[in-house]
Amino acid sequence: MKRDHLFKLFHEAHRITGHKDYVVVGSLSILGTQDEEGLPAEMSMSNDIDSYTKADPSRINDVNAALGEGSAFHKENGYYLDPVSPNLPTLPDGWQDRMTSLNRGQVSLWFLDPDDAAMSKYARSQPNDLRWIRAGILCGLISLPKIKNRLATTTFLDGDEESRVREQVDATLAWFELVKSSRSQPLDKPQV
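Below or above, wherever it landed, is the structure these notes cover. (Residues numbered from 1 in each chain as written. Predicted model: local features only at pLDDT ≥ 70, side-chain atom pairs only at ≥ 80, totals over all residues. Heavy atoms only, no water.)

**Topic: the overall build of the protein chain**
Next, step 1: In terms of regular secondary structure, the protein chain is built from 8 helices and 5 strands.
Next, step 2: Ordered by position from the N terminus, the helices and strands of the protein chain form the series α-β-α-β-α-α-β-β-β-α-α-α-α.
Next, step 3: If one aligns the C-alpha atoms of the protein chain with their principal axes, the spans along those axes are about 65 × 45 × 30 Å.
Next, step 4: Within the protein chain, contacts between residues at least 6 apart in sequence are counted, and of these 73% link residues at least 24 apart.
Next, step 5: Of the accessible surface of the protein chain, which amounts to about 10,300 Å², a share of 48% is contributed by carbon and sulfur atoms.
Next, step 6: When the 22 positive and 28 negative side-chain charges of the protein chain are each reduced to one mean point, those points stand 4 Å apart. (Helix = DSSP H or I, 4+ residues; strand = E, 2+ residues; numbered from the N terminus. Contact = heavy atoms within 4.5 Å. Areas by Shrake-Rupley, 256 points an atom, 1.4 Å probe, with all protein chains shown as cover. Lys, Arg positive; Asp, Glu negative; His and termini not counted. Charge placed at Lys NZ, Arg CZ, Asp CG, Glu CD.)

What follows is the structure, encoded as structure tokens:
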């Protein structure tokens, strides 16, 4: 998925609703980073764009029939809008202030900070979410120290979600230590 795809969809959403500002959460929020071309495939392969209208979040449902899953837009383009509530993702305090925005024409897209998106993905802890996080760590877009700091300011749905997130963060830290140690091992000399 590329930014051009997002803007195509949201220009159509603007035509339908008149709204100009949309918040992109989930996997494709990574398209708000500076280096779109250098993104790992695991981070931008989703075909559903989790989003809501910034000024009036429930208005995103007005475009579901035209742009959502199974719509003519989806069938023609291979991707679709997945309307969400701003209350859906588990996010740390201050996430709104860390969003970035990109503008084209009359449309502005607002994107979660990658570390905030990672926190939300830890809350879900689906295999594709954990792959997304690890790909982000390996390419330097996600910071484990920031994740650890933001744990303290995150309001979780319940104790089970908090435990799951903390366990997954600890597992990721252990995985990353293994990755770092394997990269620092000298290569064996070739046999002659």
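**Here's the deal with the environment of Trp-95**
Next, step 1: Tracing the chain through its elements places Trp-95 in the loop between β3 (80-83) and β4 (100-104).
Next, step 2: C-alpha separation for the pair Trp-95 and Val-169, spaced 74 residues apart in sequence, amounts to 19 Å.
Next, step 3: Once residues lying within four places of it in the same chain are set aside, the contact partners of Trp-95 are Tyr-52, Leu-112 and Asp-116.

**Thoughts on the pattern of salt bridges**
When their charged atoms lie close together, side chains carrying opposite charge are able to pair.
Next, step 1: Under the definition given, this model contains 12 salt bridges.
Next, step 2: Arg-15 is the salt-bridge partner of Glu-12, the closest N and O atoms lying 2.4 Å from each other. On the criterion of helical spacing, the pair formed by Glu-12 and Arg-15 is a turn pair, its members being 3 residues apart in helix α1 (residues 3-17).
Next, step 3: Owing to a relative accessible area of 25%, Glu-12 belongs among the partly exposed residues under this scheme.
Next, step 4: Here Arg-59 makes a salt bridge to Asp-62, at a shortest N to O gap of 2.3 Å.
Next, step 5: Owing to a relative accessible area of 44%, Asp-62 belongs among the partly exposed residues under this scheme.
Next, step 6: Each member of the salt-bridge network shares a partner with another, and the members are Arg-98, Asp-113, Asp-116 and Arg-150. (Salt bridge = Lys/Arg side-chain N within 4 Å of Asp/Glu carboxyl O. Buried < 20%, exposed > 50% of the residue type's maximum accessible area, 1.4 Å probe, protein only.)

**A closer look at the sheet that holds strand β2 (residues 48-53)**
Strand pairing in a sheet relies on backbone hydrogen bonds. The paired strands run either parallel or antiparallel.
Next, step 1: Taken together, 5 strands build an open sheet; the order of strands is β3-β2-β1-β5-β4 and the sheet is mixed. Looking at the sheet topology across the chains shown, the edges are occupied by β3 and β4. The average angle at which neighbouring strand axes cross in this sheet is 35 degrees, direction not considered.
Next, step 2: One ladder, built from 4 bridges, connects strand β1 (residues 21-24) with strand β5 (residues 107-111); its direction is parallel. Looking at β5, one finds that Tyr-22 is bridged to Leu-109. (Pairing = 2+ DSSP bridges. Axes fitted to C-alpha atoms, helices over the stretch in contact; angles between N-to-C directions.)

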